[in-house]
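The primary structure of each chain is shown beneath.
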Amino acid sequence: MSDSQSDNSGDGQTDGGGIVRRQIPPDPATSEYDLLEILADIEEVDIETLPPLYNQVEHVVETLFKTPPSADAQMSISFSYAGYRITIDRTGTVQFVPVKDTIERNRQL
């Protein structure tokens, strides 16, 4: 991540429902780390405390940028990870939708 993008605390948008939108460089070499860096910032934790992304999605994020589909396809991927529903499109726009409360409520049922 470049120096201009390393401080995510003020970047992106957050709506009233806790949805966070940020941008990562569409670089297959750094995309997964960049994603984890943003999530650690959102959660205000060290990146090392997050569960391994590889165990959840292997190299899907990396692959999206390594062999991007046609722009006409308007491709995006979505997956659940660490209490968020995460959607990433081929341009590097990332949306984090918190689902922690939903997960906790379903565990109590």
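This text follows the structure it describes.
Residues numbered from 1 in each chain as written. Predicted model: local features only at pLDDT ≥ 70, side-chain atom pairs only at ≥ 80, totals over all residues. Heavy atoms only, no water.

A.B. asks: So, the environment of glutamate 58: which residues are in play, and what are the values?
C.D. replies: Note on placement: glutamate 58 falls in the loop between helix 2 (53-57) and helix 3 (60-66). Expressed as a C-alpha distance, the spacing of glutamate 58 and glutamate 32, which sit 26 residues apart in the sequence, is 9.8 Å. Setting aside residues no more than four positions away along its own chain, glutamate 58 makes contact with Glu32 and Leu53. (Helix = DSSP H or I, 4+ residues; strand = E, 2+ residues; numbered from the N terminus. Contact = heavy atoms within 4.5 Å.)

A.B. asks: Now, about the packing of aromatic side chains: what can you tell me, with residues and values included?
C.D. replies: In the structure shown here, the tally under the stated rule is one aromatic pair. Relative to phenylalanine 96, the ring of tyrosine 84 lies with its centre 6.2 Å away and its plane at 90 degrees, an arrangement referred to as edge-to-face. With a gap of 12 residues between them, tyrosine 84 in strand 4 (residues 84-89) and phenylalanine 96 in strand 5 (residues 93-98) connect regions that are remote in the sequence. Here tyrosine 84 falls in the buried class, since its relative accessible area comes to 5%. Assessed through its relative accessible area of 0%, phenylalanine 96 is described here as buried. (Phe/Tyr/Trp six-rings, centres within 6.5 Å; stacked < 30°, edge-to-face > 60°. Buried < 20%, exposed > 50% of the residue type's maximum accessible area, 1.4 Å probe, protein only.)

A.B. asks: Describe in detail the side chain of glutamate 62, supporting the description with residues and values.
C.D. replies: Structurally, the position occupied by glutamate 62 is in helix 3. Side chain to side chain, glutamate 62 and histidine 59 meet in a polar contact 3.0 Å long. Each residue touching glutamate 62, except ones within four places of it in the same chain, is listed here: Pro28, Ser31 and Glu32. (Polar contact = N/O pair within 3.5 Å; in protein donor to acceptor, adjacent residues only side chain to side chain.)

A.B. asks: Which residues make up the pattern of salt bridges, and what values do they have?
C.D. replies: Going through the model one piece at a time under the given rule, you end up with two salt bridges. Among the ionic pairs, glutamate 62 bridges to lysine 66, the shortest N-O distance being 3.0 Å. Of this pair, glutamate 62 and lysine 66 both sit in helix 3, four residues apart, roughly one helical turn. (Salt bridge = Lys/Arg side-chain N within 4 Å of Asp/Glu carboxyl O.)

A.B. asks: Provide a residue-level description of the nonpolar core, including the pertinent values.
C.D. replies: By size, the foremost hydrophobic cluster in this structure holds 22 residues, and its most contacted members are Leu35, Phe79, Tyr81, Ile86, Ile88 and Phe96. Taken together, the elements giving at least two residues each to this core come down to helix 1 (31-43), helix 2, helix 3, strand 3 (76-81), strand 4 and strand 5. The greatest single-element share of this core, amounting to five residues, is contributed by helix 1. Excluding residues that lie within four positions of it along the chain, isoleucine 86 makes contacts with Leu35, Ile77, Ser78, Phe79, Tyr81, Val94, Gln95 and Phe96. (Core = buried A, V, L, I, M, F, W, Y, C linked by side-chain atoms within 4.5 Å.)

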